[in-house]
Amino acid sequence: MLLFLLLLLLNNAFGQNKTVDSLLLELNQVTTKKQVVNTLNEIAWQFRNINLEKGLVYAYRAEKISDSINYQEGYLTSLNRIGILYINQGKYIEAKGIYIKILEQEKKDEDIYGIARAQNQLGIINKRTGNINIAIEYTQNSMSNFETLGKQKLVATTANNIGSMYKQLGDYENAQQYYLKSLDIREKIGDKRGIAYSYLNLGAFNNFLENYDIALKDLKKSEKILIEFEDQLGLSKIYNNIGISYFNLNNLDESLIYYNQSLVLKEKLGILSNRNILYNNIGLIYEKKGQLDKALDYYKKSISNDSGNLSGNYNNIGNVLRKKNKLNESIEFYHKSLEQAQKNNKAIVQLEVLKNISDIYAQIGSFNESVKYNNLFNALRDSIELSYKNTMEVRVNYEEEKKRSELLLKDKEISQANLETSISENKRKNTLLYGLLIGFVLLAILFFSIWRTSKQKQRIILAEKNEKINQQKIQELLKNQELKSINTMINAQEKERKRIAQDLHDRLGSMLSMVKIHFKSVEDVKENNADQYNLANNLLDNACEEIRKIAHNMSSGVLSKFGLIPALNELKTTIEKSNQIEIDFIDHGIDDRMKNEIEINVYRIIQELISNILRHANATEVTIQILKNHSNLGVMVIDNGIGFDKNNHSYKEGMGLLNIRSRVDKLEGEMTIDSGKGNGTTININIPVL
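Residues numbered from 1 in each chain as written. Predicted model: local features only at pLDDT ≥ 70, side-chain atom pairs only at ≥ 80, totals over all residues. Heavy atoms only, no water.

### Details of the sheet that holds strand S2 (residues 621-628)
Then, number 1: Strand order in the open sheet made by the 5 strands is S1-S2-S3-S5-S4, with mixed pairing throughout. Both edges of this open sheet fall to strand S1 (582-588) and strand S4 (670-675), since each of them pairs with a single strand only. Neighbour-to-neighbour, the strand axes of this sheet turn through a mean angle of 10 degrees, independent of strand direction.
Then, number 2: The sheet contact formed by strand S3 (residues 632-639) and strand S5 (residues 681-688) spans 8 bridges and is antiparallel. Looking at S5, one finds that leucine 633 is bridged to isoleucine 687.
Then, number 3: Against the sheet, helix H23 (residues 564-576) engages S1 and S2, with an angle of about 170 degrees to S1.
Then, number 4: Packed on one face of the sheet, helix H24 (residues 596-617) meets S1, S2, S3 and S5 and runs near 10 degrees to S3. (Pairing = 2+ DSSP bridges. Helix = DSSP H or I, 4+ residues; strand = E, 2+ residues; numbered from the N terminus. Axes fitted to C-alpha atoms, helices over the stretch in contact; angles between N-to-C directions. Contact = heavy atoms within 4.5 Å.)

### Topic: empty space enclosed by the protein
Then, number 1: Within this structure, the stated rule accounts for 1 cavity of 30 Å³ or more.
Then, number 2: Roughly 40 Å³ of volume is contained in the largest cavity.
Then, number 3: Among the secondary structure elements, those contributing two or more residues to the lining of the largest cavity are H23, S1 and H24.
Then, number 4: Element by element, the count of residues in the lining of the largest cavity is highest for H23, at 3 residues.
Then, number 5: Looking at the lining of the largest cavity residue by residue, the classes come out as 7 nonpolar, no polar and 1 charged. (1 Å grid on protein atoms, 1.4 Å probe; cavity = no way out; pocket = protein on both sides within 12 Å on 5 of 7 lines; lining within 4 Å. Points joined across faces, edges and corners; volume = space filled by probe spheres on them. Nonpolar A, V, L, I, M, F, W, Y, C, P; charged D, E, K, R; others polar.)

### Considering the packing of aromatic side chains
The geometry of an aromatic ring pair comes down to the distance between the two centres and the angle between the two planes.
Then, number 1: Tallied over the entire structure, the rule returns 12 aromatic pairs.
Then, number 2: Between tyrosine 166 and tyrosine 178, the aromatic rings sit 5.8 Å apart at their centres with planes inclined by 20 degrees, giving stacked as the arrangement. Residue tyrosine 166 is found in helix H8 (residues 152-169), and its partner tyrosine 178 is found in helix H9 (residues 172-189); the two are separated by 12 residues along the sequence.
Then, number 3: Judged by its relative accessible area of 14%, tyrosine 166 falls in the buried class.
Then, number 4: Ring geometry for tyrosine 361 against tyrosine 373: centres 5.8 Å apart, planes inclined by 20 degrees, an arrangement best described as stacked. Here tyrosine 373 lies in helix H19 (residues 367-428) and tyrosine 361 lies in helix H18 (residues 347-364), a separation of 12 residues in the sequence. The pair tyrosine 361 / tyrosine 373 is uniform in exposure class, with both members buried.
Then, number 5: One aromatic cluster in this structure is built from Tyr172, Tyr179, Phe205 and Phe208.
Then, number 6: Directly above the aromatic system of tryptophan 45 lies the positively charged group of arginine 48, at a separation of 3.8 Å from the ring centroid.
Then, number 7: Between lysine 301 and the ring centre of tyrosine 298, over which it is positioned, the NZ or CZ distance is 5.1 Å. (Phe/Tyr/Trp six-rings, centres within 6.5 Å; stacked < 30°, edge-to-face > 60°. Buried < 20%, exposed > 50% of the residue type's maximum accessible area, 1.4 Å probe, protein only. Lys NZ or Arg CZ within 6 Å of the ring centre and 35° of its normal.)

What follows is the structure, given as structure tokens:
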């Protein structure tokens, strides 16, 4: 298991540093301060599960630059990064200050998404600092705002957070309801990482409810997913909870392995919070194994790392000292435990400690003290039982009173209605009988007319909806057919180019070569027409060379022989000779040849993009970046041209962009376009290469 943990950590570090390395490379290539801020913020985000201190360095650097250039979006993003890193470090006071500042600014900007995000983080902070009711209020407001925006992934996150808050309040029914709501949303939207965290929370919840076998199943599901994502922070929490499950199932060796795994990850990530709980849990294992000195060492480590659970830690130390027959020292720690439990209103801990103190005084023969603390124990136990009983009685009485009030109100309404009906009928019995009948007929006609009109409106609305649905289906079919046609056209173009090139080379080239051979045979009679002969011979040589060049170009000779990068460099050189535009070409990670289909389509895509820029963009500079990792090929084409407004209702993609999209779809890739009037255009393409 220890070897597995080491391999896991090395694998995690390699995977995450690879992402950071690519961002650091990008940081050296970006040209504007806004791009620098965005890249710094992304690096800080990547470091949130790798190195919290480094993450803070990059986030504060992004904040400083964005503030200096008045880049509001980048500034708020950097503050969010700083807040998250502080939360992961357990520095909740600093994090709270950051998020209050963010919330005030988002409210000024009337940004609902930003408000919801800040409210959610403030909910998390208040939960971890013990302000549960405030935390629930913040988080429910956040969830409501995310629902308004249709952000289902974030609705699931906030629902999960509310579940953990209700758990902390002791409202287990609501806690389970919100945990399952979160899991249901995440499964519907396919949020795999979110599903892992839902199972983590359900596992911890079932541990709390002492359903340890169920908890292990949930936690193992979560572990499997988070290993795929190389999420060290999540795994540290999972291993702690798996350790708890195994401990309570009396599998102490497995429990110890998982506690140590969790501790290693927390130390690696620089997480200070909750280490005391791990030390305390490891101490419990050694105590249960009878290794009292080791247990005592870990209990003392627990005290030195945190003061949040001192009452429990002191009680555990007292238990170990008592087993070691150091009774006076044991009494001292029991009293410390009692003092902390009374200070923090932990009644259950007080009950256990009072029993321990009473027993140990009896053990050393101090019977008066033993009786004194036993009386305190009995009084507190009776108080807790009475409080519980009163709470239940109040709740039962409230429910019964509520039902009685509802029944009385209904009876009163029925009696009043009956009385009014009786009076009305008596008054109108003789004098208004015919009027009542006529009114009833008119009323029936009126209701019938309203009902009929309503039905007609419903039919019209339903017909309109069906018409819209049919139109949408037709549009979708037309679009799919158009894409199929474009795909067919592209494939046909490629095949035709190859066929023409082959024909030019094999047929016409061969024919010209034969002409050349026959032409040689008349060299003996060329003396009388030497000039004409030489001219014809030169023209024939030129024709052969031109046929060879055309065949070479149509079959993308450099691309076929040497691959994508040499072909693109040749394309860059050819275009720059026109002195119309400068091209900056950057490639990284393309050491070997890729599939022929990928190379040809990527080459044609970049050809088409440059052609569009030359025709429409009025650009002077173009940057082409091609970056490849083990599973993806990223293509970015940036120009400094006039750009265009995608949000304009008259905007429509031309045949060039449709051809490009078709090629990207054919390769199962994704393409995004970022442009605005006067701001140039950036096109990102991501293609799987496995």
